[in-house]
Amino acid sequence: MQPSNDQPAHPSLLDSSCPLKVGWYGLGAMGYFMARNIATSGRAASPILVCNRTVAKAERLVDEIGTSNAIVASSSAQLLTDCDVIFTNLATDEVVQRVYNDFAKTLSQSLPTSPKIFVDTSTIRPSLAVEIDKLFSGFSCCHFVAAPVFGPPAAAGAGQLTIIMSGDYNCKRKAAHLLIPVGKKIIDLGGNIERAPMLKLICNGMLMSANDLLAEALTLGEKSGIGAQAVYSLVKEIMPAPSLIIYGDRMLNERFDGTGGCAIDLGVSVLDHVRHLAAELNCPMPTIDITQQSLITARSIHERQKRTGNSRWDILDCSALIASHRVSAGLNPFDCDDHRVIRED
Ligand SMILES: NC(=O)c1ccc[n+]([C@@H]2O[C@H](COP(=O)([O-])OP(=O)(O)OC[C@H]3O[C@@H](n4cnc5c(N)ncnc54)[C@H](OP(=O)(O)O)[C@@H]3O)[C@@H](O)[C@H]2O)c1
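The present account deals with the structure reproduced in this document. Here the residue index of a chain counts from 1 through its sequence in written order. This being a predicted model, a pLDDT of at least 70 is required before a residue's local features are given, and a value of 80 or more before pairs of side-chain atoms are given or counted; all residues contribute to the totals for chains, interfaces and linings. The side-chain values count all of the structure's non-hydrogen atoms but skip hydrogen atoms and water molecules.

Examining the nonpolar core
Right, on to step 1. We define the nonpolar core as a collection of buried residues of types Ala, Val, Leu, Ile, Met, Phe, Trp, Tyr and Cys that are connected through side-chain atoms lying within 4.5 Å of one another. Type-normalised accessible area, obtained with a 1.4 Å probe on protein chains alone, sets the label of each residue: buried when under 20%, exposed when over 50%, and partly exposed for intermediate values. Membership of the largest hydrophobic core comes to 36 residues, with the highest contact counts inside it found for Trp 24, Met 34, Ile 48, Val 50, Phe 87, Val 119 and Leu 161.
Right, on to step 2. Only heavy atoms matter for contacts: two residues are in contact if any of them lie within 4.5 Å across the pair. In contact with Val 50, not counting residues within four places along its chain, are Trp 24, Leu 27, Ala 58, Leu 61, Val 62, Ala 70, Ile 71, Val 72 and Ala 73.

Spelled out as structure tokens, the structure:
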């Protein structure tokens, strides 16, 4: 990580001699693996404290890696009293905002006497990062770092995420040291807190649209009689991007369960942020609008299936946006077997 021009946050944050006490809030599809990798890395003053709305997930993590690596926090407030670095990975802006407002309330009731670094790894709108940064600047020894991540849950499990960071340089250094077992690369975007969330949204929008285009091509392959598999195999040869490979595999094999992937609601909400950013900066991104429509169409088909008890998945994955193209092409939305070879010569 290259240094930006930030001033040191607090002298004790420069002291790298003793490991820091770590807390983690949010153990969903991504957070579970990220917390697990930090907890088992030996980089934190073990065990790390873990917290989640559904406590069973925190208990499952502790069962998996043992109490020498992680302990379930009695409450989110305990993360603040006991930890030096508190990571969060949460579903939406609303949740992130609520959790950080609660943190601020707890801090104001009992002012911290030692430095605390808060690192949010969720995908949030850049202006929310600014709001949280301002909120925390009111507490003299608290600092906020934005650190959104790239990669699916499988990459989180394998410690292969790409992490983008913005915020105070010394706080980022501390956080980056802890995040090494989580990612294959950490990119420093400097001191301006909104930069990392902004880059995350720009690239997320592009990736999601690339997947929408892939869905169109697979559908056309199916209709042509060549088959979606042939299209997918060639895409892997000529454009072997991890996102296309992973999403293409899900589309081909109907792996539309969003619980271990990226839930379609998250996709719709992230594209909302991208569209908002594009409008704010007067930079039209029409393909993003179209991709969001594909997601919404797939979601509405899925919701109707759920209502009639015909859905195989409780939570739909973003890769299911292919349903929108299948339906437009006169095919079954989610069931590939119905139309594996459409045209025969
Ligand atoms: N999935 C991906 O491929 C991917 C990739 C990169 C980045 N991300 C980003 O990572 C973040 C998490 O995504 P995910 O896929 O891990 O989502 P997820 O599986 O739905 O997990 C969301 C987390 O937020 C918590 N949460 C939801 N509502 C809450 C509330 N009202 N109060 C407190 N906690 C609440 C959940 O707690 P419960 O367990 O109790 O529900 C869970 O810990 C998002 O910002 C997403 O954009 C996801």
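Side note on the packing of helix H4 (residues 93–109) against helix H5 (residues 126–137)
Right, on to step 1. In this description, a line fitted to the C-alpha atoms serves as the axis of each element, helices being fitted only across the stretch in contact, and the angle between N-to-C directions of two axes falls anywhere from 0 to 180 degrees. In DSSP terms, a helix is any run of H or I states spanning at least four residues, a strand is any run of E spanning at least two, and both are numbered starting from the N terminus. Their axes nearest at 11 Å, the elements H4 and H5 cross at an angle of 5°. If you check the angle between H4 and H5, you find them roughly parallel. Together, Asp 93, Val 96, Gln 97, Tyr 100, Asn 101, Phe 103, Ala 104 and Leu 107 of H4 and Leu 128, Glu 131, Ile 132, Leu 135 and Phe 136 of H5 make up the contact between the two elements.
Right, on to step 2. A breakdown of the residues in the contact of H4 with H5 according to their chemical character gives 9 nonpolar, 2 polar and 2 charged. Roughly parallel covers angles under 35 degrees, roughly antiparallel covers those over 145, roughly perpendicular covers 65 to 115, and oblique covers all other angles. As a working rule, the residues Ala, Val, Leu, Ile, Met, Phe, Trp, Tyr, Cys and Pro are called nonpolar, Asp, Glu, Lys and Arg charged, and the rest polar, with Gly in that last group.

Let's talk about the packing of aromatic side chains
Right, on to step 1. Aromatic rings from Phe, Tyr and Trp, with only the six-membered ring used for Trp, were paired whenever their centres fell within 6.5 Å, and each pair was classed as stacked if the ring planes differed by under 30 degrees, edge-to-face if by over 60, and tilted otherwise. Tallying each qualifying case throughout the model produces 13 aromatic pairs.
Right, on to step 2. For the ring pair Trp 24 and Phe 87, a centre distance of 5.1 Å and an interplane angle of 20° mean the geometry is stacked. Placement of Trp 24 in strand E1 (residues 22–25) and of Phe 87 in strand E4 (residues 85–88) is noted, with a sequence separation of 63 residues between them.
Right, on to step 3. The class for Trp 24 is buried, based on a relative accessible area of 0%.
Right, on to step 4. Note on Phe 87: relative accessible area 0%, which makes it buried.
Right, on to step 5. Taking the centre distance of 5.6 Å and the plane angle of 75° together, the rings of Trp 313 and Phe 334 count as edge-to-face. Linking Trp 313 in the loop between helix H12 (286–307) and helix H13 (322–328) with Phe 334 in the segment after H13, this pair joins segments that are 21 residues apart in sequence.
Right, on to step 6. On the basis of relative accessible area, Trp 313 is assigned to the buried category, the value being 10%.

In short, geometric facts, not functional conclusions.
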